[in-house]
2 protein chains.
Amino acid sequence: MKKILILGAGKSATDLIRYLLEHSQTFDWEIIVGDLDKDLAAQKVGGHPRGKAIYYNVMDADLTDQLVAQVDVVASVLPAKLHYLVAEACVKHGRHIVTPSYISAKDKAMDTDFRSKGLLFMGEMGLDPGIDHMSVMQMLGEVRHIGGKVQAIRSYTGALIAPESNTNPWQYKFTWAPMNVVLAGQGTAQYLKNGRPKYIPYNRLFELTERYEVDGIGSFDGYANRDSLSYLNKYNIADVPTFIRGTLRYSGYCEAWNAFVKLGWTNNTFPIINSDTLTYNDLLEAFLPSDSSEDRRPLDVRMADFIGTPPDSELMYRMRWLGLFDQKPIKKANATPAQILLDLLEEKWQLGTEDKDMIVMIHQFDYELHEQSFCRQSTMVMKGKDHNNTAIAATVGFPMAIMVKLILTGKVDHLSGVKMPIMKEVYEPCLKELGELGVHFQEAETSKDSSQKIQL
Amino acid sequence: MKKILILGAGKSATDLIRYLLEHSQTFDWEIIVGDLDKDLAAQKVGGHPRGKAIYYNVMDADLTDQLVAQVDVVASVLPAKLHYLVAEACVKHGRHIVTPSYISAKDKAMDTDFRSKGLLFMGEMGLDPGIDHMSVMQMLGEVRHIGGKVQAIRSYTGALIAPESNTNPWQYKFTWAPMNVVLAGQGTAQYLKNGRPKYIPYNRLFELTERYEVDGIGSFDGYANRDSLSYLNKYNIADVPTFIRGTLRYSGYCEAWNAFVKLGWTNNTFPIINSDTLTYNDLLEAFLPSDSSEDRRPLDVRMADFIGTPPDSELMYRMRWLGLFDQKPIKKANATPAQILLDLLEEKWQLGTEDKDMIVMIHQFDYELHEQSFCRQSTMVMKGKDHNNTAIAATVGFPMAIMVKLILTGKVDHLSGVKMPIMKEVYEPCLKELGELGVHFQEAETSKDSSQKIQL
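**Here we look at the relation of the copies chain A and chain B**
- With an RMSD of 0.1 Å, the operation that places chain A on chain B is a rotation of 180° combined with a shift of 0.1 Å along the axis. One copy is carried onto the other by what is essentially a two-fold rotation axis. Closest approach to the rotation axis among the C-alpha atoms of chain A is made by Asn203(A), whose C-alpha sits 3.4 Å away.
- Interface overlap between copies: 100% of the residues of chain A at the interface are likewise at the interface in chain B, consistent with a symmetric, same-surface contact.

Listed below in structure tokens is the structure:
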């Protein structure tokens with residue numbers, strides 16, 4: 001019998017746990033699920049005879065050591081910064097590990113340790129990063145196989161709300177870690193355009209978007225996601241002149257979100273002293289440039305003026321709908337602007353019990369073949385069932401679970417070191433099984449000469 | 001004989017060392033000057049019989065311990081973040097310490113240690129912070145003494161170039177730590193206006209300036225400096241509805257600098273890969289939003305369009321003068337945008353050997369007395385002699401040196417803990433002696449009813 005340790009039993013672990021339990025009889029596995037909240041772990045295990053829920057605290061190094069020593073492979077959905085603590089124990093005890101997070105510098109530094117012991121640390125094995133890497137690599141292989149010379153790759157993903165649950169003017173609800181949404185994009189985005197690196201600082205990120213349409217689903221704005229340049233070598237696409245990874249939101253969101261960036265409300269680095277004595281109205285007043293005693297215009301008119309939009313614009317409608325101009329009290333004391341904004345949004349953007357979330361992933365490849373130009377687009381749309389059975393939990397959990405299976409069934413014994421899923425022996429079986437689980441990509445192609453769309 | 005340890009022998013130590021050596025015979029002092037560069041320390045000591053130059057590395061804890069144990073008081077002009085390492089040794093050996101830097105959280109945490117041992121850690125004892133605190137406290141005392149009710153305090157300081165050396169279109173040359181100028185203002189500025197806190201994020205800081213005129217000197221724009229709110233308690237001015245501390249630049253500078261902020265060139269957190277293979281032109285192209293193949297306009301025209309200024313504006317003249325649109329190669333490899341910008345500016349904004357720098361400090365007090373409104377302005381203008389004998393080195397070094405003297409002559413034995421110079425027994429003798437050393441404040445007052453200016 002092989003043993004699997006799952007660390008973290010929150011939202012992102014739901015389908016990971018479910019998949020592994022469902023396959024545990026067939027493959028003779030035991031699944032140990034650890035969380036700070038043992039009851040949550042027990043709830044996810046649901047009394048399955050091959051499952052076991054335990055208390056787990058990553059800060060307890062002895063506990064980590066003891067647990068890792070007992071199992072064959074670890075699947076960690078802990079916060080991204082903490083995986084390395086578990087990975088160190090994996091090196092010590094000769095165990096493999098799988099995570100859905102961006103590989104950090106600390107993770108990467110363990111590459112030699114993992115390789116020298118023949119162990120695998122598979123990072124970026126969720127949705128984005130994860131399924132995006134795998135599906136781009138597969139498309140790249142196909143286009144290159146037919147002799148196409150790739151001119152541009154644009155790869156965008158959005159964790160969104162399904163059209164049928166799209167009931168607020170922001171066209172957004174929280175389906176995932178809300179604070180990550182508030183802080184998204186801070187830093188400088190980097191990508192490649194026509195052979196040259198391009199940089200977008202945070203203060204312009206939500207202004208510089210690209211529009212994407214998905215038939216029957218909606219219209220989306222994509223903004224650049226982190227450092228795409230670092231993937232040129234990882235994807236082995238140094239010959240591709242244009243490459244960008246990005247994030248999708250329903251159209252209108254980015255323009256409105258940019259108002260919060262400009263205002264300074266996404267800052268999470270300093271406290272507003274005694275914020276619990278203020279209203280949102282007060283806080284807006286405190287960040288708006290003018291409060292001269294002559295300025296008697298209503299706050300919403302001044303806000304519109306500040307943003308540079310008419311007072312009756314859709315953007316202002318979104319702001320009013322949030323209750324920004326009401327005398328709504330701020331709850332938290334000495335909170336950062338980002339925490340205060342988050343409090344408001346969590347109330348307004350809450351996922352209802354019947355709400356369905358939706359993942360949209362779009363890859364566009366421009367390529368040349370026999371002196372003709374083509375654009376091949378691969379689109380994946382997956383909807384969740386309800387607020388407990390989300391598409392995001394499935395698309396993060398399934399790749400991890402499949403990876404655990406590949407490891408335990410000896411399919412990737414030749415792989416070692418700190419890796420991401422860009423090798424055929426991983427992405428091929430993984431995408432195939434994801435398709436069976438409902439994560440489908442649809443491909444279409446247009447020739448620039450005929451402008452005709454061909455469903456592939 | 002009393003011993004004084006000066007840590008750091010760079011620009012900011014010149015007048016500190018000079019003053020203490022000049023007074024060493026009178027007061028029977030020995031001055032030990034430590035620096036990573038022992039030759040630099042020796043040069044500043046200049047063979048004075050009561051001076052001694054030594055090698056010093058703050059990272060060598062044993063050396064710090066050994067040196068601090070030998071002396072009576074330490075004056076540290078090390079980088080602000082490192083004072084606490086020396087202060088810890090001061091607590092251990094029962095020594096006082098003086099610094100010209102903002103009191104950090106680590107410094108502040110030693111308050112009880114210093115107090116319990118009857119020791120003084122005098123921080124913020126330079127120019128800004130330093131002379132600004134002292135002169136504001138003195139003015140406040142005077143206005144309150146005559147029964148004035150203070151409505152507003154605006155306190156601005158600029159480390160600038162004297163009008164006679166003001167020879168470039170930016171009206172700026174580096175007279176102090178250049179990287180601090182490039183990174184100035186990052187974060188969120190905080191101040192008080194009409195009884196309410198106001199916040200300005202970095203992306204709007206250089207847009208929201210106040211104009212100040214100084215007769216015979218020039219026209220200046222002031223931008224808000226860090227967290228003024230935290231001084232409301234320290235200055236004991238919780239009853240004053242408007243309070244702002246700020247930084248002065250000659251007019252035109254802030255507007256042009258804002259273009260670099262908007263562009264993203266003041267970011268110091270990520271490297272431009274292979275930056276030494278690029279020109280400044282290339283880097284500008286990489287940060288400007290559009291590079292569509294149809295966009296054949298010259299780069300300077302696109303830059304003007306991006307900033308929202310006519311191509312022949314003064315702002316664009318400043319940019320052209322920097323050589324931004326020439327094929328100028330970038331020197332450093334894998335440098336951050338801020339480092340690359342700094343390289344360019346250090347060449348263009350270099351202080352000539354004959355150049356005189358200039359400090360301008362302006363305090364404005366609005367107050368009411370007998371139902372009349374008054375505005376009292378106190379202005380300090382001090383020019384340096386040349387690039388080695390700067391006003392900034394004098395205005396940072398003299399307050400520190402005078403503080404050391406007050407400590408060693410037993411004038412402040414009752415003070416202990418981590419303090420800033422806001423107590424009368426410090427600022428009164430200190431400002432008096434600064435006046436004798438050429439640091440003069442001139443006061444003028446206008447009554448809002450008569451609009452008549454009265455020289456005080």
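**Notes on the state of the cysteines**
Residues and elements named next belong to chain A.
- With the rule as written, the count across this model stands at zero disulfides over all chains.
- Its sulfur unpaired, Cys 430 is 19 Å from the next cysteine sulfur, which belongs to Cys 90.
- Here Cys 430 falls in the buried class, since its relative accessible area comes to 0%.

**Points about the interface of chain A and chain B**
- With 29 residues of chain A at the contact, the number on the chain B side is 29 residues.
- Surface buried jointly by chain A and chain B totals about 2400 Å² across both partners, of which 46% is contributed by carbon and sulfur atoms.
- Scanning the region where chain A abuts chain B turns up two salt bridges.
- Here Arg196(B) makes a salt bridge to Glu285(A), at a shortest N to O gap of 3.7 Å.

**Quick notes on the nonpolar core**
- Ranked by size, the top nonpolar core spans 141 residues in total, and within it Leu20(A), Met403(A), Trp170(B), Trp257(B), Phe260(B), Trp265(B) and Met303(B) carry the most contacts.
- When residues in this core are grouped by element, the largest group, 13 residues, is from helix α17 (residues 391–408) of chain A.
- Contacts of Trp170(B), omitting those with residues within four sequence positions, involve Tyr253(B), Ala256(B), Trp257(B), Phe260(B), Arg318(B), Met319(B), Trp321(B), Leu322(B) and Trp349(B).
- Residues Leu248(A), Tyr250(A), Ala391(B) and Leu406(B) belong to the second largest nonpolar core, which totals 140 residues.

**Observations regarding the side chain of Ser275(B)**
Residues and elements named next belong to chain B.
- Structurally, Ser 275 can be placed in the loop between α12 (253–263) and α13 (280–287).
- According to the relative accessible area criterion, Ser 275 is buried, its value standing at 0%.
- Residue contacts for Ser 275: discarding those within four places in its chain leaves Ile 330, Lys 332, Ala 333, Asn 334, Ala 335 and Ile 340.

**Description of empty space enclosed by the protein**
Residues and elements named next belong to chain A.
- Within this structure, the stated rule accounts for one cavity of 30 Å³ or more.
- The space that makes up the largest cavity amounts to roughly 40 Å³.
- As for the largest cavity, its lining consists of His 96, Leu 120, Ile 407, Val 412, Asp 413 and Leu 415.
- Looking at the lining of the largest cavity residue by residue, the classes come out as four nonpolar, one polar and one charged.

**Examining the pattern of salt bridges**
All names here are of chain A.
- Per the stated rule, a full pass over the model turns up 48 salt bridges over all chains.
- Here Lys 432 ties to Glu 436 by a salt bridge, and the two come within 3.5 Å at their closest N and O atoms. Within this pair, Lys 432 and its partner Glu 436 are both found in helix α18 (residues 424–436), separated by four residues, close to a single helical turn.
- The exposed category is assigned to Lys 432, whose relative accessible area is 58%.
- Among the charged side chains, a network of salt bridges with common partners joins Glu 142, Arg 376, Glu 443 and Glu 445.

**A closer look at the sheet that holds strand β15 (residues 417–419) of chain A**
Residue and element names in this part refer to chain A.
- Pairing within the open sheet is parallel, and its seven strands lie in the order β3-β2-β1-β4-β5-β6-β15. The open sheet has two edge strands, β3 (51–55) and β15, and neither has a second partner. The mean angle between the axes of side-by-side strands here comes to 20°, regardless of whether they run parallel or antiparallel.
- Alignment of strand β1 (residues 2–7) against strand β2 (residues 29–35), held across six bridges, turns out to be parallel. By the bridge assignment for β2, Leu 5 is matched with Ile 32.
- Each of β1, β4 (73–76), β5 (96–98) and β6 (120–122) is contacted by helix α5 (residues 83–93), which is oriented at about 160° to β5, the strand it contacts most.

**Regarding the packing of helix α14 (residues 299–307) of chain B against helix α15 (residues 314–321) of chain B**
All names here are of chain B.
- Contact geometry of α14 with α15 gives a least axis separation of 11 Å together with a crossing angle of 135°. Judged by the angle between their axes, α14 and α15 are oblique. Like other packed secondary-structure pairs, α14 and α15 cross with a definite hand, here right-handed. Along its contact with α14, which presents Asp 300, Met 303, Ala 304 and Ile 307, the element α15 presents Leu 315, Met 316, Met 319 and Arg 320.
- Across the contact of α14 with α15, the residue classes break down as six nonpolar, no polar and two charged.

**Here we look at the environment of Gln151(A)**
Residue and element names in this part refer to chain A.
- For Gln 151, the position within the fold is in strand β7 (residues 149–161).
- On a C-alpha basis, the gap between Gln 151 and Gly 46 in space is 50 Å, while along the polypeptide they are 105 residues apart.
- In this structure Gln 151 touches Val 240, Pro 241, Thr 242, Asp 366, Tyr 367 and Glu 368, once residues within four positions along its chain are discounted.

**Here we look at the domain arrangement of chain A**
Residue and element names in this part refer to chain A.
- As assigned here, chain A comprises domain 1 (2–123), domain 2 (131–257 + 352–390 + 440–455) and domain 3 (267–348).
- For domain 1 and domain 2, the distance between their C-alpha centres works out to 30 Å.
- In this assembly, six residues from domain 1 lie in contact with nine residues from domain 2.
- For the pair domain 1 and domain 2, the two sides together bury roughly 540 Å², of which 43% comes from carbon and sulfur.
- Taken together, domain 1 and domain 2 are joined by three residue pairs in polar contact (both at pLDDT 80 or more).
- Split into classes, the residues belonging to the side of domain 1 that touches domain 2 amount to one nonpolar, two polar and three charged.

**Here we look at the sheet that holds strand β15 (residues 417–419) of chain B**
Residue and element names in this part refer to chain B.
- Taken together, the seven strands give an open sheet; going across it, the order is β3-β2-β1-β4-β5-β6-β15, and neighbouring strands pair in parallel fashion. Edge positions in the sheet fall to β3 (51–55) and β15, since each has one partner strand and no second. This sheet shows a mean twist of 20° between the axes of neighbouring strands, independent of strand direction.
- The pairing of strand β4 (residues 73–76) with strand β5 (residues 96–98) spans three bridges and is classified as parallel. Paired with Ala 75 across the strands is Val 98, a residue of β5.
- This element, helix α5 (residues 83–93), spans β1 (2–7), β4, β5 and β6 (120–122) of the sheet and lies at about 160° to β5.

**Looking at the pairing of strand β11 (residues 218–224) of chain B**
Residues and elements named next belong to chain B.
- Here β11 lies mainly inside the structure; six of its seven residues are buried.
- Sheet topology note: the strand β10 (residues 210–214)/β11 ladder contains five bridges and is antiparallel. By the bridge assignment for β11, Glu 210 is matched with Gly 222.
- Here β10 hands over to β11 after three residues, with Gly 216 in that stretch at a positive phi of 75°.
- With five bridges joining them, β11 and strand β12 (residues 242–250) adopt antiparallel strand pairing. Looking at the pairing, Ala 224 lines up with Gly 246 of β12.

**Observations regarding the packing of helix α12 (residues 253–263) of chain A against helix α15 (residues 314–321) of chain A**
All names here are of chain A.
- It is the contact of α12 with α15, at a shortest axis distance of 9 Å, that shows an interaxial angle of 65°. The hand of the α12/α15 crossing is right-handed. Side by side, α12 and α15 meet where Glu 255, Ala 256, Ala 259 and Phe 260 of the first sit next to Leu 315, Arg 318 and Met 319 of the second.
- Of the residues in the contact of α12 with α15, the class split is five nonpolar, no polar and two charged.

**Quick look at α17(A)**
Residues and elements named next belong to chain A.
- A rise of 1.5 Å per residue sets the reference length of α17, with its 18 residues, at 26 Å; its end C-alpha atoms lie 26 Å apart and thus fit the reference within 8%.
- Counted residue by residue, α17 has 18 buried out of 18 residues, so it is predominantly covered.
- In the stretch just after α17, Gly 410 is the one whose phi turns positive, near 75°.

**Re the packing of aromatic side chains**
- What the rule picks out here adds up to 52 aromatic pairs over all chains.
- Residues Phe114(A) and Phe121(A) carry aromatic rings whose centres are separated by 5.5 Å and whose planes lie at 75° to one another, so their mutual orientation is edge-to-face.
- The exposure class assigned to Phe114(A) is buried, which follows from its relative accessible area of 0%.
- Its relative accessible area of 0% is what places Phe121(A) among the buried residues.
- Every member of this aromatic cluster is reached through a ring pair, and the members are Trp170(A), Tyr172(A), Phe174(A), Tyr253(A), Trp257(A), Phe260(A), Trp265(A), Phe270(A), Tyr280(A), Phe287(A), Trp349(A) and Tyr199(B).
- Above the plane of the ring of Tyr253(A) lies Arg249(A), whose end atom (NZ or CZ) is 5.4 Å from the centre.
- Over the ring of Trp321(A) we find Lys348(A), and its NZ or CZ is 4.7 Å from the ring centre.

Cut-off values and rules
- Residues numbered from 1 in each chain as written.
- Chains lettered and ligands numbered in written order.
- Predicted model: local features only at pLDDT ≥ 70, side-chain atom pairs only at ≥ 80, totals over all residues.
- Heavy atoms only, no water.
- Least-squares fit on C-alpha atoms with pLDDT ≥ 70 in both.
- Contact = heavy atoms within 4.5 Å.
- Disulfide = S-S within 2.5 Å.
- Buried < 20%, exposed > 50% of the residue type's maximum accessible area, 1.4 Å probe, protein only.
- Buried area = accessible area lost by both parts, 1.4 Å probe.
- Salt bridge = Lys/Arg side-chain N within 4 Å of Asp/Glu carboxyl O.
- Core = buried A, V, L, I, M, F, W, Y, C linked by side-chain atoms within 4.5 Å.
- Helix = DSSP H or I, 4+ residues; strand = E, 2+ residues; numbered from the N terminus.
- 1 Å grid on protein atoms, 1.4 Å probe; cavity = no way out; pocket = protein on both sides within 12 Å on 5 of 7 lines; lining within 4 Å.
- Points joined across faces, edges and corners; volume = space filled by probe spheres on them.
- Nonpolar A, V, L, I, M, F, W, Y, C, P; charged D, E, K, R; others polar.
- Pairing = 2+ DSSP bridges.
- Axes fitted to C-alpha atoms, helices over the stretch in contact; angles between N-to-C directions.
- Parallel < 35°, antiparallel > 145°, perpendicular 65-115°, else oblique.
- Left-handed = near helix turned anticlockwise from the far one by under 90°.
- Domains from an automatic or database assignment.
- Polar contact = N/O pair within 3.5 Å; in protein donor to acceptor, adjacent residues only side chain to side chain.
- Expected span 1.5 Å × (residues − 1).
- Phe/Tyr/Trp six-rings, centres within 6.5 Å; stacked < 30°, edge-to-face > 60°.
- Lys NZ or Arg CZ within 6 Å of the ring centre and 35° of its normal.

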